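Tertiary structure, described
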Amino acid sequence: MSEIGAIEIAPGTHWVGALDPGLREFDIILRTANGTTYNSYCVRGSAGVAVIDTVKASHADEFFARLEQVARYDEITTIVLNHLEPDHTGALPELMRRAPEARLYISGKAQLMLKALVKHDDLTYTIVNTGDFVELGDRTLHFLNTPFLHWPDTQCTWLEQQGILFSGDVFGCHFCDSRLFNGQVGDFRFSFEYYYAHIMRPFREHVLDALELIDPLPLKLIAPAHGPVLRDAPKSYVQRYRQLAAPLLHVGADFKSLLVFYISSYGNTQRMAEAVRDGAETIDGVRVSLYDLQAGGDLPFVDLIEEADGLAFGSPTINGDAVKPVWDLLSSLAVIKVRDKLGAAFGSYGWSGEAVNMIEDRLRGLKLRVPVKGVRARLIPTESELAGCCELGRQLAQHLTGSNEPKIISMSELLTRESPHA
Amino acid sequence: MPKANVTFENIGITVTVPAGTRLIEISEKVGAGITYGCREGECGTCMMRIVSGMENMSERSVLEDKVLQENMAGRNNRLACQAQVLGGDIVVRPG
Ligand code: FES
Ligand SMILES: [Fe+2]
Ligand SMILES: [Fe+2]
């Protein structure tokens with residue numbers, strides 16, 4: 001264990017977490033240049049002691065040593081789990097063994113994970129929601145249900161008498177500094193933004209919902225599950241989340257945005273893209289933009305896609321596959337929410353035309369709606385194939401504006417349209 | 001063979017299918033944005049809402065019932081990978 005002990009963050013409330021300065025990569029997708037912390041907190045009331053979250057299993061010893069400095073196991077009445085991911089619940093089974101009298105408080109959605117984690121038959125716990133609270137005598141913990149930040153199970157816990165929000169991963173970051181408080185640690189602004197961008201960004205609507213619950217609280221301190229404890233100007237972190245979750249630029253919500261991305265070696269797929277655009281533009285209330293993927297990396301495109309309502313991808317088929325720039329873009333979308341957007345594909349091909357179906361499958365895998373069958377053209381698109389593209393654009397635009405005519409098809413028709421040679 | 005008409009409300013498409021078809025087989029082909037994970041009735045990812053026509057759906061199996069309960073599903077929710085259509089008209093949507 002590193003030399004620092006439990007750290008008091010308010011009278012009777014301690015940080016009892018663990019430092020992991022050696023960590024460089026978190027959950028494969030996140031990098032950190034100076035490690036992270038797993039923050040656990042211990043709240044002492046006149047009639048009970050609560051532990052809020054635990055730490056990663058590899059750091060359990062450090063956590064228990066700090067916890068023992070501020071509480072005896074038989075005093076612990078309450079264990080709150082704001083989030084069941086293993087970096088916060090690794091030490092839970094052992095804590096439950098050491099403090100068998102403590103009652104667990106979790107969100108409803110956390111049950112599944114809890115059962116997977118603690119395989120007792122006689123596992124008992126209390127499900128809590130916004131409005132529920134637990135009393136520790138002169139201290140009260142209120143629960144805020146804040147799902148999907150960044151798992152379905154996530155919640156925040158509000159310690160009323162001290163104005164402390166135990167926020168879980170929300171407002172956290174991967175930054176390790178034993179000075180702990182935001183006014184004393186090194187410059188972690190980048191880490192805070194980076195964490196938001198990689199963990200919270202896909203859930204921005206849920207972030208805004210959570211802020212509705214958090215905003216009215218008379219916050220004195222935010223105690224997140226990773227990184228510095230936010231004691232100086234805690235509200236400014238809440239404001240920053242609001243800025244980050246808001247749309248990039250408000251241009252009026254009275255139109256739907258359809259983005260048509262294409263890549264073309266002989267201009268054929270490009271002509272198809274233009275036809276898709278022309279078709280979509282015949283429908284009022286839809287703004288169409290055309291982008292050549294040849295022009296660049298995926299970064300600005302990801303931002304554009306985040307704001308768009310519909311996406312159409314045009315790719316030639318080369319060696320039986322869509323081309324790399326298309327896959328590169330389609331594999332960069334995990335950091336934003338694309339679910340329920342409208343998707344479509346089209347493209348020209350030489351011998352076989354698999355790209356369109358492959359892109360459609362990927363779009364469905366990303367949880368987009370793909371209601372309009374894609375268009376393929378062998379080499380140079382004919383007038384009727386271009387008309388098909390135009391119709392594809394028109395139908396997409398109708399779906400976007402909700403002006404699509406109800407359609408009836410048979411299952412056998414659906415099945416044959418999957419075949420690349422249909 | 002008896003037929004059923006399954007309408008995906010969020011995209012305005014109705015599909016005529018043979019009785020016995022599982023909802024997931026239709027939804028993944030029609031592109032209605034209903035997602036799935038395990039396809040075996042365990043993960044709950046494919047939960048969807050039956051807007052009308054529940055009487056035209058197969059009964060919940062013990063497994064489906066358990067997973068729906070664990071996911072705090074309402075009376076109108078079903079798992080697309082488990083529920084089969086039996087006939088008549090059914091209207092569904094994601095979620
Ligand atoms: S896909 Fe997992 S329960 Fe249906
Ligand atoms: Fe997490
Ligand atoms: Fe975490």
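This text goes with the structure placed above it.
The structure contained in this document is the topic of the report that follows. (Residues numbered from 1 in each chain as written. Chains lettered and ligands numbered in written order. Predicted model: local features only at pLDDT ≥ 70, side-chain atom pairs only at ≥ 80, totals over all residues. Heavy atoms only, no water.)

1. Here's the deal with the interface of chain A and chain B
Definition in use: Between two residues, a contact is recorded if the distance between any of their heavy atoms is within 4.5 Å. Note on definitions: buried area is the accessible-area loss of two parts on being combined, 1.4 Å probe, summed for both. Definition used for salt bridges: Asp or Glu carboxyl oxygen within 4 Å of a side-chain nitrogen of Lys or Arg. Within 3.5 Å is the distance limit for a polar contact, defined as a pair of N or O atoms, with the added protein rule that one can donate a hydrogen and the other accept it, and that residues adjacent in sequence qualify only through two side-chain atoms. Strands here are runs of E lasting at least two residues and helices are runs of H or I lasting at least four, both read from the DSSP assignment and numbered beginning at the N terminus. Residue type decides the class: Asp, Glu, Lys and Arg count as charged, Ala, Val, Leu, Ile, Met, Phe, Trp, Tyr, Cys and Pro as nonpolar, and the leftover types, Gly among them, as polar. The rule for pairing is simple: two strands pair if DSSP sees at least two bridges between them.
Each partner contributes residues to the interface: chain A has 24 residues there, and chain B has 22 residues. When chain A packs against chain B, close to 1,800 Å² is buried across both sides, 61% of that on carbon and sulfur atoms. Considering only the surface of chain A that becomes buried against chain B, A:L112, A:R369 and A:M411 emerge as the three largest contributors, covering 28% of it. Along the contact surface separating chain A from chain B lie 0 salt bridges. Inspection of the chain A/chain B interface yields 9 residue pairs in polar contact (both at pLDDT 80 or more). With 4 residues, the top contributor of residues to the side of chain A that touches chain B is strand 22 (residues 407–410) of chain A. Class assignment of the residues belonging to the side of chain A that touches chain B gives a composition of 10 nonpolar, 5 polar and 9 charged. In terms of strand pairing, strand 22 of chain A meets strand 2 (residues 13–18) of chain B through 4 bridges, oriented parallel. Bridging from a neighbouring strand, A:I409 pairs with B:V15 of strand 2 of chain B.

2. Let's talk about the coordination of the iron ion (ligand 3)
Residue and element names in this part refer to chain A. Rules: Donor atoms are limited to N, O and S found within 2.8 Å of the metal ion, a distance that becomes 3.2 Å for Na, K and Ca. With water left out, some sites might look partial. Angular criteria define each label, namely tetrahedral for four donors with all angles between 85 and 135 degrees, square planar for four and octahedral for six donors with opposite donors over 155 degrees apart and remaining angles between 65 and 115, and irregular for whatever fails these tests.
At 2.1 to 2.4 Å from the iron ion (ligand 3) lie its protein donor atoms, namely D87 (OD), H88 (NE2), D169 (OD) and H226 (NE2). Note that the iron ion (ligand 3) binds 4 donor atoms; their angles at the metal cover 81 to 164°, and the shape is irregular. Here the donor residues for the iron ion (ligand 3) map to a single chain with the spacing D-H-x80-D-x56-H. A distance of 3.2 Å spans the gap from the iron ion (ligand 3) to the iron ion (ligand 2), which D169 bridges by coordinating each metal. Taken together, the residues span a long stretch of sequence, with D87 in helix 2 (residues 86–89) and H226 in the loop between strand 16 (221–224) and helix 7 (234–245) at a distance of 139 residues.

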